[in-house]
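Each chain, written out:
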Amino acid sequence: MKYYLIAGEASGDLHAARLMQELKLQDGEAEFRCYGGDQMKAAGGQLVKHYRELAYMGFVPVLLHLPTILRNMKHAKKDIAAWKPDVVILVDYPGFNLSIAKYVHKKGIAPVYYYISPKIWAWKEYRIKNIKRDVDELFSILPFEVDFFEKKHQYPIHYVGNPTNEEVSSFRNHRHEPIPIDSDKPIVALLCGSRRQEIKDNLPAMVTAARRFVDYQFVVAGAPAIEEEYYHEFLHDSPVTLVMNQTYELLSTAHAALVTSGTATLETALFGVPQVVCYETPLPRLIGWLRKKILKVKYISLVNLIADGEVVRELVADSFTQENIERELAAILPAESTARQEMLRGYEEVQHRLGTACAPRNAAQTMIKLLKNI
């Protein structure tokens, strides 16, 4: 069968590549064409465009790059129509992918499967109408989404397990080269996002914190779609070092971490690394007020959302201050500190709730079964 996949960022590239590997194992005639990244290409996908051409976030960057975004969207629609896949598989990235779903459904090109459902439970819940109309099958990786979609909105979905859980477990079961850091100090990992805007917003405060904690070695995890030179703009004359494309290697040796919210918060938790979630926003007081009024959930990190409680401290908008970052980090650095031990116990609950299912394998099996029954 012919599978067309679209992922718009680094985490989606990884999840989609794992799914493709499982689809190939179960469908010997599988062909892949995709918008994605290096990992999807390595998994056998014919890469049409790299996600680095798609990954814009925030109102102003999206507005500035709107012509490019619209061109990419138009190109993707034409390419899908011309290739005539048996199924279109969309991976997260709802701003782009829900438009693709609408087009594919309206034209009747192929069934639309959504792997890693849009997080409409946080905001933009109105998108449920589009999902019900345009998405044939929805595959969830977060256990609490089942009640949201099925009970609240009467929309059946497939909970397949969490791919990050499987990816971290797979990594830890194999030997890997250590990160190239010449230091005997305990390591504090800095995961400041996978997009330029996130890095620009969050890394400077993390670097400032590093200057205070001189007994620790701070190391930035460079994202695959960002060139090394961009990080050096923020690391010049600082005690912080950089490793590229070795996030899991870094987390496997880290003592603690400062993490920008996203999949990275869950990855950090699954490696058992105590963390502080840091997410700077423009107009922090206004955003802090709007967050309370608009967001439908109490937390922004996947760790806290899955646990349904505050396992990790979230410094967002008006709570994102240099003083708060340094205070919260200081609380989790001592090995026997209460804050650190409580966080590690909270991680155990997150692991328990996620379970041990292999998400890409379950998703691939279900997808192929559904397609054969069409």
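Residues numbered from 1 in each chain as written. Predicted model: local features only at pLDDT ≥ 70, side-chain atom pairs only at ≥ 80, totals over all residues. Heavy atoms only, no water.

## Examining the overall build of the protein
Turning to step 1, where the next piece is worked out: Each helix and strand in the protein was counted, giving 17 helices and 13 strands.
Turning to step 2, where the next piece is worked out: For the protein, whose C-alpha radius of gyration is 20 Å, the value lies close to the compact-globule estimate of 21 Å for 374 residues.
Turning to step 3, where the next piece is worked out: Structurally, the protein occupies a C-alpha span of about 60 × 45 × 40 Å along its principal axes.
Turning to step 4, where the next piece is worked out: Burial analysis of the protein (374 residues in total) assigns 55% to the buried set. (Helix = DSSP H or I, 4+ residues; strand = E, 2+ residues; numbered from the N terminus. Rg over C-alpha atoms; globule rule 2.2 N^0.38 Å. Buried < 20%, exposed > 50% of the residue type's maximum accessible area, 1.4 Å probe, protein only.)

## Considering the side chain of Asn97
Turning to step 1, where the next piece is worked out: Structurally, Asn97 is set in helix 5 (residues 94-107).
Turning to step 2, where the next piece is worked out: Classification of Asn97 as buried rests on a relative accessible area of 0%.
Turning to step 3, where the next piece is worked out: Residue contacts for Asn97: discarding those within four places in its chain leaves Ile6, Leu90, Val91, Asp92 and Tyr114. (Contact = heavy atoms within 4.5 Å.)

## Some remarks on the packing of aromatic side chains
Turning to step 1, where the next piece is worked out: What the rule picks out here adds up to 13 aromatic pairs.
Turning to step 2, where the next piece is worked out: Taking 5.5 Å as the distance between ring centres and 80° as the angle between the ring planes, the aromatic pair formed by Phe171 and Tyr248 counts as edge-to-face. Note that Phe171 is positioned in helix 8 (residues 163-172) and Tyr248 in helix 11 (residues 247-251), a separation of 77 residues in sequence. Considered together, Phe171 and Tyr248 belong to a single accessibility category, that of buried residues.
Turning to step 3, where the next piece is worked out: Taken together, the aromatic side chains of Tyr35, Tyr93 and Phe96 make up a single cluster linked through ring pairs.
Turning to step 4, where the next piece is worked out: A cation over an aromatic ring shows up here: Lys124 above the ring of Trp123, its NZ or CZ 4.6 Å from the ring centre.
Turning to step 5, where the next piece is worked out: Taking NZ or CZ as reference, Arg196 lies 4.4 Å from the ring centre of Tyr230, over its face. (Phe/Tyr/Trp six-rings, centres within 6.5 Å; stacked < 30°, edge-to-face > 60°. Lys NZ or Arg CZ within 6 Å of the ring centre and 35° of its normal.)

## Things to note about helix 17 (residues 359-372)
Turning to step 1, where the next piece is worked out: Over its 14 residues, helix 17 runs 20 Å from end to end, which matches the ideal 20 Å to within 8%, given 1.5 Å per residue.
Turning to step 2, where the next piece is worked out: If you check which residues of helix 17 are buried, you get Ala359, Pro360, Ala363, Ala364, Met367, Ile368 and Leu371. Seen end-on, helix 17 carries its buried residues on one side only, within an arc spanning 150°. More than 90 degrees from the buried face of helix 17, the exposed residues found are Lys369 and Lys372.
Turning to step 3, where the next piece is worked out: Considering only its buried residues, helix 17 is in contact with strand 1 (2-7), helix 1 (10-26), strand 4 (87-91), strand 5 (112-115), strand 6 (137-140) and helix 8. (Expected span 1.5 Å × (residues − 1). Arc of directions from axis to C-beta.)

## Things to note about the environment of Leu98
Turning to step 1, where the next piece is worked out: By the element assignment, Leu98 lies in helix 5.
Turning to step 2, where the next piece is worked out: Overall, Leu98 belongs to the buried group, its relative accessible area being 10%.
Turning to step 3, where the next piece is worked out: Along the backbone, Leu98 and Phe139 are 41 residues apart, and their C-alpha atoms lie at a distance of 14 Å.
Turning to step 4, where the next piece is worked out: Not counting residues up to four positions away in its chain, the partners in contact with Leu98 are Tyr114, Arg127 and Ile131.

## Digging into the packing of helix 12 (residues 263-270) against helix 16 (residues 338-354)
Turning to step 1, where the next piece is worked out: Viewed as axis vectors pointing N to C, helix 12 and helix 16 meet at an angle of 105°, and their least axial separation amounts to 9 Å. Of the possible angle classes, the one that applies to helix 12 and helix 16 is roughly perpendicular. Every residue of helix 16 that contacts helix 12 at Leu266, Thr268, Ala269 and Leu270 is listed here: Tyr347, Val350, Gln351 and Leu354. (Axes fitted to C-alpha atoms, helices over the stretch in contact; angles between N-to-C directions. Parallel < 35°, antiparallel > 145°, perpendicular 65-115°, else oblique.)

## Some remarks on the state of the cysteines
Throughout this description, disulfide means a covalent bond between two cysteine sulfur atoms.
Turning to step 1, where the next piece is worked out: By the definition in use, this model includes 0 disulfides.
Turning to step 2, where the next piece is worked out: Not engaged in a disulfide, the cysteine Cys192 finds its nearest cysteine sulfur in Cys278; these two sulfurs lie 10 Å apart.
Turning to step 3, where the next piece is worked out: Note on Cys358: no disulfide assigned, nearest cysteine sulfur contributed by Cys34 at a separation of 20 Å. (Disulfide = S-S within 2.5 Å.)

## A look at the sheet that holds strand 1
Turning to step 1, where the next piece is worked out: In space, the 7 strands of this open sheet follow the order 3-2-1-4-5-6-7, with parallel pairing throughout. Lying at the two open borders of the sheet, with one neighbouring strand each, are strand 3 (45-50) and strand 7 (158-159).
Turning to step 2, where the next piece is worked out: Two strands pair when backbone bridges link them, and strand 2 (residues 31-36) and strand 3 are joined in this way by 5 bridges, in the parallel orientation. Residue pairing in the sheet places Phe32 in a bridge with Gly45 of strand 3.
Turning to step 3, where the next piece is worked out: With respect to the sheet, helix 1 is in contact with strand 1, strand 2, strand 3, strand 4 and strand 5, its orientation differing from that of strand 1 by roughly 165°. (Pairing = 2+ DSSP bridges.)

## Considering the environment of Ile332
Turning to step 1, where the next piece is worked out: By the secondary structure assignment, Ile332 is in helix 15 (residues 322-332).
Turning to step 2, where the next piece is worked out: Through-space distance from the C-alpha of Ile332 to that of Leu191 is 17 Å; in sequence the pair is 141 residues apart.
Turning to step 3, where the next piece is worked out: With residues up to four places along the chain from it excluded, the contact list for Ile332 reads Ala256, Pro274, Gln275, Val276, Ser337, Ala339, Arg340 and Met343.

Honestly, that's just the spatial picture; any functional story needs more than this.
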